[in-house]
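Listed here are the chains, written in short residue letters.
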Amino acid sequence: MEPTQKKEIQLAAFDFDGTLFLTDKAIWKAYQKALRAHGYDMDYNTYHTQCDGKDYRTFLGLLYDITDADMLASIHKAKKEAYREFYKFVTPDLMVLQTAQRLHESCKTAIVTTASRSAVEDILDIFNCKEYFDIIVAKEDVDHQKPSPEGYLKAMIQANACPSTTMIFEDSKTGIQAATLSGATVMQVVRNDGLTSYITR
C-alpha cells in the first residue's frame with residue numbers, strides 16, 4: 001500500500017537499516033564475529049530483540065557488562081570491518097525503495113541513519129539505487145543518535161523543508177521516536193507475512 005500524499009511534500013526521509021534494506025542478519029553476523037574475537041558470543045534472536053536499532057555502546061554494555069570504552073570501540077571497529085563480508089545477507093525492501101523512487105520525482109529524498117556513510121553508500125551501489133536519494137545523514141554527521149531527531153532536522157535544513165512538509169519512513173521504536181520528535185508526518189513500515197505496508201502515526 002502506497003502512502004497517500006494529502007499535501008505538498010518537500011522532503012521524504014527514509015531510515016536505512018530495517019526500512020529500505022533488511023540488514024539485520026548481516027549486522028548480526030558482523031557483531032558475532034567481532035564479539036567472538038573477544039571471547040563473547042551473540043545469537044540472532046538476542047541481536048534482533050535487544051540490539052537492532054540501538055547504539056552499540058548501550059546494548060554491548062548491558063548484555064556483556066562491558067564498561068571499558070576502549071574495548072567497546074575495539075569491538076565496534078571489528079564489526080565495521082567484518083560487515084562487508086556479510087553484505088550478501090542484505091536484502092532490499094522493494095516496496096519501500098519503489099516508494100523512494102516515486103517520491104524522488106516530486107520532492108527531495110533523504111536517508112537518515114545510525115549506520116556509517118561508507119556502509120550506506122556500499123549497499124546503495126550494490127543495488128544500484130543511489131540516484132534515488134539527494135541527501136544522506138549518517139552516523140558521523142550528528143552528535144546525537146536516534147531517538148534524538150537531530151538527523152531528521154539536519155535533513156530538513158539541507159532540503160529547505162520544514163516538519164509540516166516532511167514525511168518520514170521508519171520501522172523501529174527508536175526511529176519512530178526520533179521521527180515523531182522532529183514534528184514530521186511519520187509512516188511506520190510494517191511487515192506481515194512478507195508483505196510491507198505503511199501506518200500513519
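Remember, predicted model here, so these are calculated numbers, not experimental data.

Describing the overall build of the chain
- When helices and strands are tallied, the chain shows 8 helices and 8 strands.
- Against the 2.2 N^0.38 benchmark of 17 Å for 201 residues, the chain shows a C-alpha radius of gyration of 17 Å, consistent with a compact globule.
- Its C-alpha atoms give the chain principal-axis dimensions of about 55 × 30 × 30 Å.
- Per-residue burial over the chain gives 51% buried out of 201 residues.
- Side chains of the chain carry 23 positive and 28 negative charges; the gap between the two charge centres is 1 Å.

Side note on the environment of tryptophan 28
- Residue position: tryptophan 28 is located in helix α1 (residues 24-36).
- Residue tryptophan 28 is classed as buried on the basis of its relative accessible area, which comes to 13%.
- C-alpha separation for the pair tryptophan 28 and aspartate 52, spaced 24 residues apart in sequence, amounts to 8.7 Å.
- Setting aside chain neighbours within four positions, we find tryptophan 28 in contact with Met42, Asp43, Tyr44 and Tyr47.

Thoughts on the packing of aromatic side chains
- Inspection of every chain in the model, using the stated rule, returns 12 aromatic pairs.
- Here the aromatic rings of phenylalanine 14 and phenylalanine 133 are separated by 6.1 Å at their centres, their planes lie at 75°, and the arrangement is edge-to-face. Residue phenylalanine 14 is located in strand β1 (residues 11-14), and its partner phenylalanine 133 is located in the loop between α6 (117-126) and β5 (135-137); the two are separated by 119 residues in the primary sequence.
- When its relative accessible area of 0% is taken as the criterion, phenylalanine 14 is described as buried.
- Their ring planes at 35° and their centres at 6.3 Å tell us that tyrosine 31 and tyrosine 47 sit as a pair that is tilted. Of the two residues, tyrosine 31 is situated in helix α1 and tyrosine 47 in helix α2 (residues 44-51); the sequence distance between them amounts to 16 residues. Accessibility classification places tyrosine 31 together with tyrosine 47 in one group, the buried group.
- One aromatic cluster is present, formed by Phe14, Tyr132, Phe133, Phe169 and Tyr198 through successive ring pairs.
- Above the plane of the ring of phenylalanine 89 lies lysine 29, whose end atom (NZ or CZ) is 4.8 Å from the centre.

Digging into the side chain of threonine 23
- With respect to the helices, strands and loops of the structure, threonine 23 is situated in the loop between β2 (21-22) and α1.
- Its relative accessible area of 2% is what places threonine 23 among the buried residues.
- Residues within four places of threonine 23 in sequence aside, it is in contact with Asp17, Gly18, Tyr83, Val90 and Ile123.

A few points about the sheet that holds β5
- On the basis of which strands lie adjacent, the open sheet formed by 6 strands has the order β5-β4-β1-β6-β7-β8 and mixed pairing. In this open sheet, the two edge strands, each paired with only one partner strand, are β5 and β8 (195-200). Recorded for the sheet is a direction-independent mean angle of 25° between the axes of neighbouring strands.
- Summarising the sheet, β1 and strand β6 (residues 166-170) pair through 4 bridges and their orientation is parallel. From the neighbouring strand, phenylalanine 14 faces β6, where its bridge partner is phenylalanine 169.
- Along the sheet face, α6 touches β4 (108-112) and β5 and points at about 140° away from the line of β5.
- Along the sheet, helix α7 (residues 150-159) contacts β1, β4, β5 and β6; its crossing angle with β5, the most-contacted strand, is approximately 155°.

Overview of the pairing of β4
- Summarising burial for β4: 4 of the 5 residues are buried, a large majority.
- In this structure, β1 lies alongside β4, joined through 4 bridges in parallel fashion. Bridge assignment links alanine 12 to a residue of β4, and that residue is threonine 109.

Notes on the pattern of salt bridges
- Here the structure, examined in full by the defined rule, presents 11 salt bridges.
- Residues lysine 33 and glutamate 85 are paired through a salt bridge, measuring 2.7 Å at the closest nitrogen-oxygen approach. One end of the pair, lysine 33, is in helix α1; the other, glutamate 85, is in the loop between α4 (69-83) and β3 (91-92), with 52 residues separating them in the sequence.
- Look at lysine 33 and you get partly exposed, because its relative accessible area is 41%.
- For lysine 146, the salt bridge identified is with glutamate 170, shortest N-O distance 2.7 Å.

Rules used throughout
Residues numbered from 1 in each chain as written. Predicted model: local features only at pLDDT ≥ 70, side-chain atom pairs only at ≥ 80, totals over all residues. Heavy atoms only, no water. Helix = DSSP H or I, 4+ residues; strand = E, 2+ residues; numbered from the N terminus. Rg over C-alpha atoms; globule rule 2.2 N^0.38 Å. Buried < 20%, exposed > 50% of the residue type's maximum accessible area, 1.4 Å probe, protein only. Lys, Arg positive; Asp, Glu negative; His and termini not counted. Charge placed at Lys NZ, Arg CZ, Asp CG, Glu CD. Contact = heavy atoms within 4.5 Å. Phe/Tyr/Trp six-rings, centres within 6.5 Å; stacked < 30°, edge-to-face > 60°. Lys NZ or Arg CZ within 6 Å of the ring centre and 35° of its normal. Pairing = 2+ DSSP bridges. Axes fitted to C-alpha atoms, helices over the stretch in contact; angles between N-to-C directions. Salt bridge = Lys/Arg side-chain N within 4 Å of Asp/Glu carboxyl O.

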